[in-house]
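One letter stands for each residue in the lines below.
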Amino acid sequence: MGSAERPWLPQASGAALPRPTPAPFSAPSPPVPRRQTASFSPGRQPALPEGAPGGRCPSEPPREPLPAAPRQRRRSRAGPCTRRSGAWMGCRGPLLRSSEVPPGVAERFILSGYRCPGSSAAQCLLSAFRPTNETGNFWTHFVALLVFAFCFLEPFRAPGGPLPPGPLEPFYYPLWSYCLGVCGLLAASSMAHLFNAMSLPVREICFYIDYGTISAYTVGASLAYFYYVSPPAAPEPANPSSGYPEGASQLCAVAGHAGTWFETLYVPASCLVALFCTLACCSTRRRCPRHRYLLRTLIFLLPFVVVSMPVFQKLWGQGGSPGTGHLFLRHCLWLLASGLFNVSKAPERFSPGKFDIWGHSHQWFHCCSFMSILDELHMIRGEMELLAEGPPLLSRAPTFLSTFGVMLLALALLATIVAWFGVRAHGSHYRDQSKAQKGD
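Fair warning: this is a prediction, and the values are worked out from it, not measured in the lab.

Asks: What is the right way to read the environment of Arg115 from this model?
Replies: Locating Arg115 in the fold gives a position in the segment before helix H1 (121-126). Arg115 sits 83 residues away from Met198 along the chain, and the two C-alpha atoms are 9.4 Å apart. Among residues more than four places away in sequence, those in contact with Arg115 are Leu95, Leu96, Val101, Cys124, Ser127, Thr132, Glu134, His193, Leu194, Asn196 and Ala197. A distance of 2.8 Å separates the side chain of Arg115 from the backbone oxygen of Leu194, its partner in a polar contact.

Asks: So what exactly am I meant to see when it comes to helix H3 (residues 173-195) here?
Replies: In an α-helix, one turn spans 3.6 residues, which is why side chains three or four residues apart end up on the same side. Compared with an ideal rise of 1.5 Å per residue, which puts 23 residues at 33 Å, H3 spans 32 Å between its outermost C-alpha atoms and is within 8% of the ideal. With respect to burial, H3 is a largely interior element, 17 of its 23 residues being buried.

Asks: Hey, could you run me through the packing of helix H4 (residues 200-229) against helix H11 (residues 361-389) in this one?
Replies: Between two packed helices, both the angle of their axes relative to each other and the distance between the axes serve to describe the pair. Two numbers describe how H4 lies on H11: the axes approach to 9 Å, and their chain directions differ by 25°. With respect to H11, the axis of H4 lies roughly parallel. Here H4 runs over H11; the crossing is left-handed. Along the contact surface, H4 presents Tyr217, Ala221, Ala224, Tyr225, Tyr227, Tyr228 and Val229, while H11 presents Ile373, Glu376, Met379, Ile380, Glu383, Met384 and Leu387.

Asks: Help me understand the nonpolar core, please; the structure alone is not making it clear to me.
Replies: Across soluble globular proteins, you tend to see nonpolar side chains buried next to one another. Within the largest apolar cluster, 69 residues are counted, with the highest numbers of intra-cluster contacts made by Phe148, Leu175, Tyr178, Tyr225, Tyr228, Ile380 and Met384. Of all the elements in the fold, those that place two or more residues in this core are helix H2 (135-157), H3, H4, helix H6 (260-283), helix H8 (301-307), helix H10 (324-344), H11 and helix H12 (400-439). No other element matches the 15 residues that H4 contributes to this core. Formed by six residues, the second largest nonpolar core is a distinct cluster that contains Leu96, Ile110, Tyr114 and Cys116.

Asks: So what exactly am I meant to see when it comes to the UniProt feature "transmembrane region" (unreviewed entry) in the protein here?
Replies: Those residues carrying the UniProt feature "transmembrane region" (unreviewed entry) are residues 138-155, 175-195, 207-228, 265-282, 294-312 and 400-423 in this numbering. Taken end to end, residues 138-155 has its terminal C-alpha atoms 28 Å apart, with 100% of it in helix and 0% in strand. Within residues 207-228, the helical portion is 100% and the strand portion 0%, while the C-alpha atoms at the span's ends are 32 Å from each other.

Asks: Before we go on, may I ask you to explain the environment of Leu194 in this structure?
Replies: The residue Leu194 is located in helix H3 in this model. Under the relative-accessibility criterion, Leu194 is labelled buried at 4%. Sequence separation of Leu194 and Cys124 is 70 residues, and the distance between their C-alpha atoms is 6.1 Å. The residues contacting Leu194, other than those within four sequence positions of it, are Arg115, Cys124, Leu125, Ser127, Ala128 and Phe138.

Asks: Help me out: how do you make sense of the UniProt feature "binding site: Zn(2+)" (unreviewed entry) in the protein in this one?
Replies: Residues given the UniProt feature "binding site: Zn(2+)" (unreviewed entry) here are His193, His362 and His366. A maximum C-alpha distance of 11.6 Å among these annotated residues, which run over 174 residues, shows that they cluster at one spot. With a relative accessible area of 4%, His193 lands in the buried category. When sequence neighbours within four positions are dropped, the list of residues in contact with His193 reads Arg115, Glu134, Asn137, Phe138, Phe207, His362 and His366. Along the polypeptide, His362 turns up in helix H11. Look past the residues within four positions of His362 in its chain and what remains in contact with it is Asn137, His193 and Asn342. Polar contacts involving the side chain of His362 include one to the side chain of His193, which spans 3.3 Å.

Basis of the calculations
- Residues numbered from 1 in each chain as written.
- Predicted model: local features only at pLDDT ≥ 70, side-chain atom pairs only at ≥ 80, totals over all residues.
- Heavy atoms only, no water.
- Helix = DSSP H or I, 4+ residues; strand = E, 2+ residues; numbered from the N terminus.
- Contact = heavy atoms within 4.5 Å.
- Polar contact = N/O pair within 3.5 Å; in protein donor to acceptor, adjacent residues only side chain to side chain.
- Expected span 1.5 Å × (residues − 1).
- Buried < 20%, exposed > 50% of the residue type's maximum accessible area, 1.4 Å probe, protein only.
- Axes fitted to C-alpha atoms, helices over the stretch in contact; angles between N-to-C directions.
- Parallel < 35°, antiparallel > 145°, perpendicular 65-115°, else oblique.
- Left-handed = near helix turned anticlockwise from the far one by under 90°.
- Core = buried A, V, L, I, M, F, W, Y, C linked by side-chain atoms within 4.5 Å.
- UniProt positions renumbered as here; feature names shortened; annotations may be inferred.

Quick look at the structure:
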């Protein structure tokens, strides 16, 4: 290559160097604006235009983004009821211990066999066929419902005797009202024990409904007692010279000779007592948790005394069918046994952990309460047969409005109370959740 082809080298001696041609004038390029970024994350570099300080050279290969920093997982407050533990499956997952469930779910002296709160309805249904601490509570009242239906319908399958033949006769309206109360009690109790694992608010609502149906049962029993057990007129002794039995004169004077006052106030008083008992029992879910079983037992002692006044009146006056006193005594003994099981928490109190699934006190409470209902049904049926053999009850003929109407009105009022407590439980649960989230 010659020197002419290489102008940057000096030329031969004596030759003048060419003068460089000046470049045309051009305006200075504007400064490159710097990109405004709101925040910087270590896993993502801010993109800068080419040629800017810190930008990428055109010949430089593209940079690979830095790996994102691992996101810190927030600690869950759900406890063991998560997918990781398997308890969320409800039917196949492991059961929980009393220390692994919320305080409102754990029962005294029951240490294991708890289902996870948050199960679905299908999981709760399947848990009826799995040994949990609610399985026996469900079956003791669900089977009792079937047995009661069989015993109740048995006289209608074999007509005959002094009773009217048709089951839809007005004579049977109080009996059907009583059946509605008993079936509602047994069905609501079994469903409450089956579906109370869906959530904490659902658990509260289930037992509110349970208390309401117990009160509805007392209203149905009062209608049956009023029309079948309580005599329409003041009872008179067989021998007027002998008077009433010793100790019974005062009671007969108050209950028997009250006449119009008793007939007017007995059923409304039973309904008012039922409403009061529902309010009081629902309140014990939040207050006095340690003595709630004793309080509920004492609360439901009040409707027993009020509703049973016609039976007391007839027994003190030496009236009624031959088996009335015997059946009523058995009814009272079964109720006493159920109350003792409910309050004492025997036998699990003496061997915590051994009766978690089968044989704990609530199952015995269910069995004893159902036996008391069976004896009460046989007592009412005996009074019906005795009543059908005598003159018709003209002054106290049952009507649809005085039986089913009263029952439906009581159910509507009880449903209003249950709904009010259910809304309060739902709102309280979500307020507690929001406070816990803010605490995190």
